[in-house]
Structure formats: C-alpha cells, structure tokens
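The chain contents come next:
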Amino acid sequence: MPRCLLVTLLAISCALLPRSVQAEPPTYEKDVRPILKTHCFGCHGEAGELEGGLDLRLRRLIVDGGDSGPAITPGDVEDSLLVDKIVEGEMPPGDAKLSEREVAVVRGWIQAGARTARPEPDNVDPDSIITEEERNFWAFRPIRNPAVPNVRAQQQVHTPIDAFLLKRLTAADLQFAPEAEKPALIRRAYFDLLGLPPAPEQVLQFVENDSENAYEQLIDELLASPHYGERWGRHWLDVAGYADSEGFAEEDQLREYAYKYRDYVIRAFNADMPFDQFIAEQVAGDEMVPRPHKNLTPEQIEKLVATGFLRMAPDGTGSRGVEQAQARNQVVAETLKIVSTSLMGMTVGCAQCHDHRYDPISQVDYYRMRSIFEPAYDWKNWRPPRARLLSLYTDADRKRSAEIEKEAKKIVNARSKKQQEFIQATFEKELAKLPEELRKTVRKARETPPAKRTPEQNKLLKEHPSVNVSAGSLYLYDKQAADELKKMSDEAAKIRAAKPKEEFVRYLTERPGQIPATHLFFRGEHAQPKQALAPAGLSVIDWMLPHKIPVNDNNLPTTGRRLAFAKRLTDGNHPLTARVLVNRVWAHHFGSGIVASLGDFGALGDAPTHPELLDWLASDFMRGGWKLKRLHKLIMLSRAYRQSTQKSAGHETIDPENKLYGRINLRRLSAEELRDAILAVSGKLNQKMFGPPIPVREDEVGQVVVGVDTTDSAGRPTGKSVDLKGEQFRRSVYVQVRRSLPLAVLTTFDAPQMDPNCAARTQSTVAPQALMLMNSDFSVSQARHFAARVKQEAGPEPAAQIQHAWKLAFGVAATEAERSEAAEFLRIQTDHFRKTAKDDEKSPPEDAALAVFCQALFSTNRFLYVD
C-alpha cells in the first residue's frame, strides 16, 4: 500500500473515532491545576499569598502574570517565564520539585494554547474555584443504586455481590476459586465475627450438619453472640482512637471513666443499633438529652456516654507544665482528624495550615468544620478533662446517701464520745502515777489548748510523756479500748458502704449561651487569627446536602451544630459516609477494601476496584436501615466470601494481587485475636464483659505486661504483687490502652498506637513476633495451662493428648502423618527433659514435653493464620 494512502486512511479512521477515544487537548482544570495546587498555590494565591504579585489559581491570572510580567505565553513554551523558573529549579523553592512528567504536562498545556475546560469564575474565593473535575471525583459524586449485573454463571450468584464480582472476573476470563471446606469456613466465620476460634465440638457439629441452611444458621448464631460486639466494637475503637489515658504529655494521665465509652460501643454493636443512630449519638448525643443533665434515664446516659467518641483525642490540658494554648488547640485538631477519617474517609486535617494540596478542601473549609465543634471545645474558655466529668448521682441517690450518712454519724458520734472517755480514763491512770505535787500542774497544762500553753507547760508535758494520751496513742495504753473503737469504726464503714456509688461520665457538651467565634488561623497558628467563619461542611459536596448547619438553633438549649452535622452525615445524601462504612466492613471480611485506603477517599487514596459494587452496597446499606448485621450476612452468604484461598495459574498471571476477588486472601490473626485465641485454647479465657480496664505495668525487664504497678513513688520495684483473680485472662478489648505503656504481646503483632486514631492497621512479619511466641512469659505460661488442660481432659496417654491438643488448637483431628510426627517430637522432648531434670524438679518430664508441644502449636502458621 502506498505510504500516502496509508496516512490518508489513518487520518480518516481517526476522524471517525468518538471524541472520547481521541486524545483530548490538555486543560488547566484537569491537567495543570492539580500540579500547581500541589507545588505552587501556597506561595501564589493561597491565603492571600502572592509572591512576586503572581496568582496561579486561574489561567487568566497566570497569563496576566505578576511583577515580572506575564507568566506564560499561550502557544509559546519558550516565551513562558513559568516554564523557565520550573526548569531552572527556582520554582518551587526547597527540595520538592516538579517531576519530569509534571513539567512535560505544563509544557504541553502551554504549547497547545493553554486551554481551559470552561469559562473561569469571576473571583477566586475558595468556593468559586472548585472545578467541575474536582466535584466529579468519584468519592464526591452522589451515591447511586446501580442495577445488579446479569451474568452467565447464575449458579454462582448467591447474593448480588457475586454478580458484581463475576462481571469483572469473567471479563478477565477468570472464575471464583472452589468453595472452602467446612472446617476452614467455620473457623473463618468465627474469627471474622467473634475474634475467637470455634471449639472442636462446634466444628464437628457444623461439618456433620447436611441441611441446606446450616451455614446461614451458623452466621445467625454468631451474630447473636455477645462476643460479636467485642470483636466488631474493637474495629470501631480503632477508628475512634480509643485510649484509657490522655497522652500528649509525659505524665500520660489515666482516663478513669473512658471505659464506659468502650462498653457503649460493644453494647451498640451487639444490639445492632442502626449505624445512623450510632453516628448521631457519638457526634451529638448530648444535644439529644434535655437539660439539665441530671436524674437521667439509662437511655439518656447512653447518649451522653456516646459523646466519649469526641473525647478520645490526646488531651494534655490537665497535665502540669504544658503550654495551654497549644495543647487546647491540639485537642480540637486531633478531634477533627478522628471525625473526618472515621466518618468521611477524608484527610481534612491536611487543610489546617493551608489548603489541602491534593483534595478540594480549603483552609476555610477546615475552620468552618472546626466551628461545628468549637462551642463544646472553646479553647479560650477551656475545661480540662476532670472538669468535663458528669456525675450520675440522682436526687434519689443523694437522699439515700444522706440517710445512710445520718445513720453512720450516730455510730461515729458514739465512738467519738467513747474515745474521749477512754482517753480521759487512761490519762487519769497515768496522772495518778506521778508525784502528787505535780498532778494539778500537769492536769492544767494538758487541759490548756496547745496554742495557749506556756513554755513551762510545754516543758512539763515533754518531761512526762506518759500523760500525752491521744486518739493516735490510745492503743499503746489500752488495747481493749482500741479494738472496741475499731469495731465501731468498722460498723460505721459498713453502713456507709451501702451508699449508692457515685459514677461519672466522660462526655462532651456545650455551655448554653456561650458561642465562641471561630477564626481562621493564618498558617495554622492560633496566635494569628484572621476572619471569623460560620459552621459548614466541605464546600465540594455542600451543594448536594439539604441540611444546613445553623450558627445557633433557637429550638435547642445548645447551638445544634453537631446535631445538624450528624444529620448531614446520615440523611442518605452525603456521598462519603455510607461508602466509607461499607468499605471498612468489606475490608475486615476480605482483607482489603474495595477502596484499599480505608481512611482516605481523596486523590492520594486508592480508587475503588469495583465502584458500582461499592455504590450498590452503600445504597443497600442505607435502604436496609443502616443495619450492620444485615450487611455482614449479605457479605458472608455470598459465594465470594465462601471461596477457598486456592490460587490458579490464571489468577496468578492476570490478578496476582487479587483485586478482582477471585479467591479469599489468607490473613494473619490480629493482635487481639491471637492473644484471645491462646487464652481460649489454653482454657483460661475469662469471658466476663464490661467494666474498668485490666491494668498494665512494666515488668522487671521493661516489657509491658498485664498487672498492677507496685513500684514505689520513686519508680523502684517493691517486690509486691497483686492477685488479679483471673481478670488478667479477660479478652484483649478490656485490657487498659495506656498510650505510654502499650501491651507488649499486642504491639508486637501490630496493635496500633492511637495517634490520634487508626483508620487501617498495618501488618508486619518480623523476628520479634517469633521471639514473643517462644520466650514471653505469656506464651510459656499459657502453653503450660494448655498442657494441663489437655492432660486433664485426654488422660495420660500421649496419643490421646496429641489428638486432643490438635483439635483444640486447629478445630480438626490430626492426620496419621501429623500424629506420627507429633509423637516423635514428644518422645524426643521427654527424653531431653528426663536427662536434664534437676533433683528438685517437681514437673515430670512428660508434662514439660507436653507444654513445649502445646507452645509449638501456638507458633504454627496453621494457628496464626485464617484461610
């Protein structure tokens, strides 16, 4: 074919292509503005900063230029000063320069005529310069309810989820992996919903149940378990930043009543509280309870406790030696981070000091959002943590307490009278022992009030100390009188013990009538306040939200700002809330989210692998009443969830990261799951729920363990120990979360530091994890408990012990090869302990060997991972 004809045909074919297929010329809004916003707006336009008089926020302003003239000449890259400055490295200043790709984009845009996608706004206020491209970013679009795809493999569609996934899989010529075997499936379901392993008899019962709805019945049973709330409450406590101490300062003061919020969360999950209600109570529970907050019902107390969500940020304002203005503003800033990442999946905190570099969140947006919370967190009229406690004492409690105190006072007064009688009688006895000529003088000296005694009287009493009888020294003279008095004291104490205990709630509330102005802080510095701002949400999505946030709701004793904000989040119109929540639930079931960056739905986060599925789930979740247990069931009954971890050659080649969900990802137990599973298998797990946290302390080598700190005031060990009476074996969710003392067995396996919260946990595989399982007191002691349980339940025969231990650890019986290998291991270990045993060794070598075997089971991948 002649070359000219080929070129002609190619030109014709290109002309016939749809516009979407042809290369679009670059535009300022889509291609160039994101680059300049990231690198240049901070000095050229943002917050009134116009270095060199140059504003880069609009194309026309770039053409107008600054002090050095026009910054660009459309169509002429070589005559564009902006390009010169970028290429020469003068712009932007510092080390962060534009990449080669970014420079090429800017050059290409100028060369193509420096086009805009549409007419530019007349002004450059933060709301006006949000582009259509930014508004159309996937996370800011309204949530749709897409139709469920019609796929060929209908026999594999158990729930609509499968249809969405199969659409992508079959397009890539892939299918679901085979279904998981029943023992693997029940273990997966138990850990996913309860965070605990199934007992062998539960596995056997499920395996032998051939009914069609056996699996659905299992899911229903697990969702009804009180352990469900402990497991899924822990997930929420991560994003809420739950901690039992204030952090910020080295002192790390304890939060005595924070645990009530933890218990509220667990109860809410167990009760399947609609998540829109759950959000509203945490954001504005105090605005739902009539004032004054006294004589409260249990339901009202729960709403106030729920606002502990907004009290989880580190708060050092009650500590000594902190710079108060900085500490107070830090509490507000960290609270905004927790709220925005947990409920909106946005890094709003990045706009505290300047406009967000990547997302359409201005600094004005940040302080408008701060204004929602500032009536409760008024940094100029601050209340430190202890001043934010609410007494739950009712009028009836106070009346009852007064009545009991009246009864106790009768005993106390009688005791005081009796004590004086004993003291006087003892004094008379001791006085009679002195020479008669001194008695009158001594009596007078003693009866004279100490402040009025003469030097001679003080000397006289000092020379005759036996007459200085007091309440504190009476027992030295008359032990019978002192037991009698103690008996009366004990009687009074017993009566007082019947008083209603005064409990407190750590909560957030506003002071009625006090509405502080919120100012934008220049560069985030509280000492440089600028314009005052009214409360509002993010400008990029405000247009689609009907509920506006009032400055002051006249129908409420408070401003009503947080209550309105909660309604905006949950009225079904907000594009972020439901997407963020269902994505997080999905991630906890499948090991990765549809959006992998669970706390960042912005430009730097990950795009959804299945955007239609994400929207369908979010829409269905809201239509279904925001019920989490319904969502669990929808996911877990899907064919996708019931897959095995089996990999095919096709999956390995086409989808090695399993983004199409063509198999289940193997996952390691979380830190809490591992500790709780060890306790469950060893037989020591204490299933008590709720209440104050189990304390932690540093042991002799500086490792943080469960226990009561018994060091003296100088931090020196006293050698004392406190019996926790089995409390040390409670589930990990009840262990104290001390910011300065994270529990070693949990942090080693990636339990998060709350700084201020954790939107998504990381998972590492490092040597200290193996060392923890081999050497820690916790692992060694629990292995011994495990061995003792095995011996007691299986008897003395090694074969029976091996089989029982295997079932307890893994839920299934060992194969013949596994039993043979385990028997040989036990034989070798028994011989070793027999040869190395000391004369005073109390433990038989067989028991020591069994404990080592049990510890080895704890360390296996089969125990540590869920498939």
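None of the values given here were measured: they were computed from a predicted structure.

Reading guide: rules and limits
Residues numbered from 1 in each chain as written. Predicted model: local features only at pLDDT ≥ 70, side-chain atom pairs only at ≥ 80, totals over all residues. Heavy atoms only, no water. Helix = DSSP H or I, 4+ residues; strand = E, 2+ residues; numbered from the N terminus. Buried < 20%, exposed > 50% of the residue type's maximum accessible area, 1.4 Å probe, protein only. Areas by Shrake-Rupley, 256 points an atom, 1.4 Å probe, with all protein chains shown as cover. Lys, Arg positive; Asp, Glu negative; His and termini not counted. Charge placed at Lys NZ, Arg CZ, Asp CG, Glu CD. Salt bridge = Lys/Arg side-chain N within 4 Å of Asp/Glu carboxyl O. Core = buried A, V, L, I, M, F, W, Y, C linked by side-chain atoms within 4.5 Å. Patch = residues over 30% accessible without salt bridge, like charges linked within 9 Å, V, L, I, M, F, W, Y side chains within 5 Å. Expected span 1.5 Å × (residues − 1). Contact = heavy atoms within 4.5 Å. Axes fitted to C-alpha atoms, helices over the stretch in contact; angles between N-to-C directions. Parallel < 35°, antiparallel > 145°, perpendicular 65-115°, else oblique. Phe/Tyr/Trp six-rings, centres within 6.5 Å; stacked < 30°, edge-to-face > 60°. Lys NZ or Arg CZ within 6 Å of the ring centre and 35° of its normal. pLDDT = per-residue confidence, 0-100. Left-handed = near helix turned anticlockwise from the far one by under 90°. Nonpolar A, V, L, I, M, F, W, Y, C, P; charged D, E, K, R; others polar. Disulfide = S-S within 2.5 Å.

Chemist: Would you take a moment to explain the overall build of the chain for this structure?
Modeler: Looking only at helices and strands, the chain features 35 helices and 8 strands. Across the 867 residues in the chain, those meeting the buried criterion constitute 50%. Summed over its atoms, the accessible surface of the chain is roughly 41200 Å², and 52% of this surface lies on carbon and sulfur atoms. For the chain, the distance from the average site of its 116 positive side-chain charges to the average site of its 120 negative ones is 6 Å.

Chemist: In this structure, what is going on with the pattern of salt bridges? I would like to understand it.
Modeler: Close approach of charged atoms lets side chains of opposite charge pair. Under the defined criterion, the tally for this structure stands at 63 salt bridges. In this structure, lysine 30 engages aspartate 31 in a salt bridge whose closest nitrogen and oxygen atoms are separated by 3.7 Å. By relative accessible area, which is 55% here, lysine 30 ends up exposed. One continuous salt-bridge network, built from bridges that share partners, spans Glu824, Arg827, Asp831, Arg834 and Glu846.

Chemist: Please clarify how the nonpolar core should be interpreted in this entry.
Modeler: Nonpolar side chains tend to gather and get buried jointly when the protein is soluble and globular. Trp236, Tyr261, Phe275, Phe309, Phe565, Trp586 and Leu617 are the most contacted members of the largest nonpolar core, which totals 134 residues. Here this core gets 9 residues from one element, more than from any other, and that element is helix α15 (residues 324-344). In terms of nonpolar packing, the next biggest core, distinct from the first, is built from 47 residues, Phe191, Phe729, Ala805 and Val866 among them.

Chemist: Whenever I open this one, a nonpolar patch on the surface confuses me. Can you help?
Modeler: On the surface, Tyr475, Leu476 and Tyr477 cluster together into a nonpolar patch covering about 310 Å² of accessible area. Note on placement: tyrosine 475 falls in helix α20 (residues 474-477). In this structure tyrosine 475 comes out as partly exposed when scored by relative accessible area, which is 43%.

Chemist: Explain unusual backbone geometry to me, please; I cannot follow it from the model alone.
Modeler: Glycine aside, negative phi is the norm for most residues, and most peptide bonds take the trans geometry. Cis geometry is found at the peptide bond from methionine 91 to proline 92, where omega equals -10 degrees. Of note, proline 92 is situated in the loop between α4 (81-87) and α5 (100-111). Omega for the bond connecting arginine 291 with proline 292 falls within 30 degrees of zero, at 0 degrees, which places this linkage in the cis form. If you trace the backbone, proline 292 turns up in the loop between α13 (275-284) and α14 (298-306). Unusually for a residue other than glycine, asparagine 295 sits at a positive phi of about 50 degrees. Residue placement: asparagine 295 occurs in the loop between α13 and α14. Phi at tryptophan 626 takes a positive value of approximately 60 degrees, unusual for a residue other than glycine. Inspection of the secondary structure assignment puts tryptophan 626 in the loop between α25 (611-623) and α26 (628-636).

Chemist: Help me understand α25 in this model?
Modeler: For the α-helix, the turn length of 3.6 residues means that residues three or four positions removed from each other point alike. For α25, which comprises 13 residues, the first-to-last C-alpha distance of 18 Å matches the rise-based estimate of 18 Å (1.5 Å per residue) to within 8%. Of the residues making up α25, those classed as buried are Leu613, Leu614, Asp615, Trp616, Leu617, Ala618, Ser619, Asp620, Phe621 and Met622. In this fold, the buried residues of α25 make contact with α7 (160-171), α13, α24 (577-590) and α26. At the C-terminal side of α25, glycine 625 shows a positive phi close to 85 degrees.

Chemist: What is the right way to look at the packing of helix α28 (residues 671-682) against helix α31 (residues 777-794) in this model?
Modeler: Two quantities define a packed helix pair, namely the angle between the helix axes and the distance between the axes. Between α28 and α31, the least distance of the axes is 8 Å, while the angle of their chain directions is 30 degrees. Judged by the inter-axis angle, α28 sits roughly parallel to α31. Judged by residue contacts, Arg675, Ile678, Leu679, Ala680, Val681 and Ser682 of α28 engage Phe778, Gln782, His785, Phe786 and Arg789 from α31.

Chemist: Quick question: what am I supposed to make of the environment of leucine 857 here?
Modeler: The residue leucine 857 is located in helix α34 (residues 845-858) in this model. For the pair leucine 857 and leucine 808, spaced 49 residues apart in sequence, the C-alpha to C-alpha distance is 10.0 Å. Residues in contact with leucine 857, not counting those within four places in the same chain, are Phe786, Ala805, Trp806, Ala809, Phe810 and Phe863.

Chemist: What am I meant to see in the packing of aromatic side chains here?
Modeler: The way to describe two aromatic rings as a pair is by their centre distance and the angle between their planes. Applying the stated criterion to the full structure yields 28 aromatic pairs. Between phenylalanine 269 and phenylalanine 278 the ring centres are 5.5 Å apart and the planes differ by 75 degrees, which places this aromatic pair in the edge-to-face class. Residue phenylalanine 269 is classed as buried on the basis of its relative accessible area, which comes to 6%. The interplanar angle of 90 degrees and the centroid separation of 5.4 Å between the aromatic rings of tryptophan 586 and tyrosine 661 together place this pair among those described as edge-to-face. In this pair, tryptophan 586 is assigned in helix α24 and tyrosine 661 in the loop between α27 (649-654) and β5 (667-668), connecting sequence segments 75 residues apart. The burial state of tryptophan 586 is the same as that of tyrosine 661; both residues are buried. Among the aromatic residues, those joined into a ring-pair cluster are Trp236, Tyr261, Tyr264, Phe269, Phe275, Phe278 and Phe309. Arginine 188 extends its terminal NZ or CZ atom over the ring of tyrosine 641, reaching a point 5.6 Å from the ring centre. A cation over a ring is seen here: lysine 530 above phenylalanine 522, with NZ or CZ 5.3 Å from the ring centre.

Chemist: Sorry if this is basic, but what is going on with the environment of leucine 310 here?
Modeler: With respect to the helices and strands, leucine 310 occurs in the loop between α14 and α15. The exposure class of leucine 310 is buried, given its relative accessible area of 0%. Along the chain, leucine 310 and glutamine 253 lie 57 residues apart, while their C-alpha atoms are 18 Å from each other. Discounting residues that sit within four places of it in the chain, leucine 310 has contacts with Gln282, Val283, Thr335, Val339, Phe373, Tyr377, Leu508 and Arg562.

Chemist: It is not clear to me how the side chain of glutamate 287 should be interpreted in this structure. Could you clarify?
Modeler: Structurally, glutamate 287 can be placed in the loop between α13 and α14. No salt bridge is formed by the buried glutamate 287. Its closest oppositely charged neighbour is arginine 562, at 4.5 Å. Beyond its immediate sequence surroundings of up to four residues, glutamate 287 is in contact with Glu510, Leu556, Thr558, Thr559, Gly560, Arg561, Arg562 and Leu563.

Chemist: Which parts of the structure should I look at to understand the confidence of the model for the chain?
Modeler: For residues with low pLDDT, the predicted coordinates do not support detailed interpretation. On average, the chain scores 94 in pLDDT, and the residues at 70 or more come to 97%. Residue range residues 1-22 is modelled with pLDDT below 50. Its contacts to residues more than four positions away, or to other chains, number 6 contacts.

Chemist: I keep staring at the packing of α24 against α26 and nothing clicks. Help me out?
Modeler: Interhelical geometry of α24 versus α26 gives an angle of 45 degrees and a closest axis separation of 11 Å. Overall, the two elements α24 and α26 adopt an arrangement that is oblique. Crossing geometry of α24 relative to α26 is assigned as right-handed. Seen from α24, the contacting residues are Val582, Val585, Trp586, His589 and Phe590; seen from α26, they are Leu628, Leu631, His632, Ile635 and Met636. Residue classes in the contact of α24 with α26 are distributed as 8 nonpolar, 2 polar and no charged.

Chemist: Would you explain the state of the cysteines in this entry?
Modeler: The bond known as a disulfide is covalent and runs between the sulfur atoms of two cysteines. Going through the model one piece at a time under the given rule, you end up with 0 disulfides. For cysteine 43, which is in no disulfide, the shortest distance to another cysteine sulfur is to cysteine 40 and amounts to 8.3 Å. Cysteine cysteine 758 remains unbridged, with the sulfur of cysteine 350 as its closest cysteine sulfur at 16 Å. The class for cysteine 758 is buried, based on a relative accessible area of 8%.

Chemist: Just to check I follow, could you spell out α28 for this structure?
Modeler: For α28, with 12 residues, the first-to-last C-alpha span of 17 Å sits near the 16 Å given by 1.5 Å per residue. Counting buried positions along α28 gives 11 out of 12 residues, so the element sits mostly inside the fold. Among the residues of α28, those classed as buried are Ala671, Glu672, Glu673, Leu674, Arg675, Asp676, Ala677, Ile678, Leu679, Val681 and Ser682.

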